[in-house]
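# Geometric and topological summary
The residues making up each chain are set out below.
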Amino acid sequence: MGKILFEWSNYSDSRRSFECARDIHLKKLGGGITVANSNFYLGCISEINGDFDSAVHYLQESLVGRKDLLDELNSELADTYSRLGLVYCKRSEWDNAVDCFSNTLKIREANRGTDASTQVLVADSLYDLGTALSKALDTKRSKQLFTDALNEYQLHLDKSHLKIAKCYSSLGEVYEKENELSKAIKSLEKASAIYERNFGSAEPRENEIKASKLCDDYTSQAETLFNLATAYDRLDEESTSMKLYRRAMKLYKALFGKDSLLVAKVLNRLANMKGRAGSVDKAMVLFDESLRIRMLHLGNNHEDVAETLFGMGIVFEKRRDYGAAMKAYSHCCKIRRSRFGSDSLEVAQVIVNIGVVRGNKGDFTEALKSWNKALAIYRKHGLEDSDALVSTVIGHQSLATVLIENRGKKSRKKYT
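Cut-off values and rules
- In this convention, every chain numbers its residues from 1, walking through the sequence in written order.
- Where local features are concerned, this predicted model is filtered to residues with pLDDT of at least 70; where side-chain atom pairs are given and counted, the filter is 80 or more; whole-chain, interface and lining totals use all residues.
- Side-chain numbers here rest on the full set of heavy atoms in the structure, without hydrogens or water.
- Each residue carries a pLDDT score, the predictor's confidence in it, ranging from 0 to 100.
- Contacts between residues were defined by any pair of non-hydrogen atoms, one from each residue, lying within 4.5 Å.
- Inter-axis angles, ranging from 0 to 180 degrees, are taken between N-to-C directions of lines fitted to C-alpha atoms, where helices are fitted over the stretch in contact.
- Secondary structure elements are taken from DSSP: a helix is a run of H or I of four residues or more, a strand is a run of E of two residues or more, and numbering for both begins at the N terminus.
- Oblique is the label for any angle not under 35 degrees, not over 145, and not in the 65 to 115 range, which are roughly parallel, roughly antiparallel and roughly perpendicular in turn.
- Here is the rule for handedness: rotate from the far helix to the near one, and if that takes an anticlockwise turn smaller than a right angle the crossing is left-handed, while a clockwise turn gives right-handed.
- Side-chain classes follow a simple rule in which Ala, Val, Leu, Ile, Met, Phe, Trp, Tyr, Cys and Pro form the nonpolar group, Asp, Glu, Lys and Arg form the charged group, and the remainder, Gly included, forms the polar group.
- Every helix has an expected span of 1.5 Å times one less than the residues it contains.
- Buried residues are those whose accessible area, probed at 1.4 Å on protein chains only, stays under 20% of the maximum for their type, while exposed residues exceed 50% and partly exposed ones sit between those limits.
- Patch definition: residues with relative accessible area over 30% and no salt bridge; like charges joined within 9 Å; nonpolar side chains (Val, Leu, Ile, Met, Phe, Trp, Tyr) joined within 5 Å.
- Reported accessibility uses the Shrake-Rupley method at a 1.4 Å probe radius. Residues are deemed covered only where the shown protein chains occlude them.
- Definition used for salt bridges: Asp or Glu carboxyl oxygen within 4 Å of a side-chain nitrogen of Lys or Arg.
- Under the counting rule used here, the positive set is Lys and Arg, the negative set is Asp and Glu, and His together with the chain ends is not counted.
- Charge placement uses NZ in Lys and CZ in Arg. For Asp and Glu, CG and CD serve respectively.

Further remarks concern the confidence of the model for the chain. Residues with a pLDDT of 70 or more make up 95% of the chain, whose mean pLDDT is 93. In the model, residues 411-416 has pLDDT below 50 throughout and makes zero contacts with residues more than four positions away in sequence or in other chains.

Structure, rendered in structure tokens:
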């Protein structure tokens, strides 16, 4: 009964059914495969409900029971490792996820047959392992795994299948991380084309997404559009990037509402673009909205809030509102000191800009102090003079030193 209710998405009644089955078998037999299977489904229900701690507990209990009772290459063990790996991904525990997906892949490789279904299961495991490794910043291995998964999918699935789109999208994201922007765009464009063939080019409404039960796939489409926009943004193709960001934002709003953190992420990118283009008033409106949403969900001391404050500081500088710029940078610096430490590169980035504000206000002595602090942090991290960050600060220092000396000469001349 619990399985049927689970398939019907009646998770509350399904939970009660599995809890009852588990408790009866624990009382009568002290354990058994029914207990392990019930724990598996209780873990799945907990994950669906967003209770990841309980999900890990139940799935680990299921794994222990199934390992004791089943052959080490049994497919149900692979299912447990796979589900546990997905929960670890949602908790950003990438090493644990990699371990789970590696075990999943080992078992599914051992059970690979000539039929398409087992081949696709292997491809799913390759993709999941690639995702975890990508998040763990092992781009070389993740790229190979995504490529292998893509090859398997293309052999056994229709060319417009959404799993192929997800593979292209993930490959594009890895290429973007490796600064291979042309390859990133090529992969992401292929993914986007598949999504459009499946969903059409019109943006869906919230009720349409819920009715289709394709929320995860629409989310993947939105992520593809966002990553494609990022790649074009890095190539300074502003018009294309802007359109893609706005399409991603419309999807995120339909999926998660206008106050979603994903909407805030897009607003932040759009604000940065407007600021670089000199549209400082439009940039500030976008930053204000991004900051409102981020503070609503994350409070005042999160790195995403610091990111928005840093962008606002730059726009305030361009407006020559140096008091507001200093306030934004100071708050940003406080957050980053708390999160990354006083000698972090993230803090040095803000200190450099604080120096710029002080310099623009004509306080070259204080500006020089800021740049000296930033340079000391860069040196501590082993950055050489040839590094762009270091050479920029050295240039600021040289200019400030000259201006201080010239001001001193004028003062001496005035009073002699």
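Here the narrative resumes.
Attention shifts here to the packing of helix H16 (residues 303-318) against helix H17 (residues 322-340). As a packed pair, H16 and H17 sit with axes 8 Å apart at the nearest point and diverge in direction by 155 degrees. If you check the angle between H16 and H17, you find them roughly antiparallel. Of the two possible hands of crossing, H16 and H17 adopt the one that is left-handed. Between H16, through Glu-303, Val-305, Ala-306, Glu-307, Leu-309, Phe-310, Gly-313, Ile-314, Phe-316 and Glu-317, and H17, the contact on the second element is made entirely by Tyr-322, Ala-324, Ala-325, Ala-328, Tyr-329, His-331, Cys-332, Ile-335, Arg-336, Arg-339 and Phe-340. By residue class, the composition of the contact of H16 with H17 is 14 nonpolar, two polar and five charged.

Between its first and last C-alpha atoms helix H18 (residues 345-360) spans 23 Å; for 16 residues at 1.5 Å apiece the expected length is 22 Å, and the two agree. Within H18, burial applies to Val-347, Ala-348, Val-350, Ile-351, Val-352, Asn-353, Ile-354, Gly-355, Val-357 and Gly-359. Following H18 by one or two positions, Gly-362 adopts a phi angle in the positive range, close to 90 degrees.

Moving on, we come to a positive patch on the surface. On the surface, a cluster of positive charge is contributed by Arg-246, Lys-250, Lys-253 and Lys-282. The dominant element in the positive patch, judged by the number of residues it contributes, is helix H13 (residues 238-256), at three residues. With respect to the element layout, Arg-246 can be found in helix H13.

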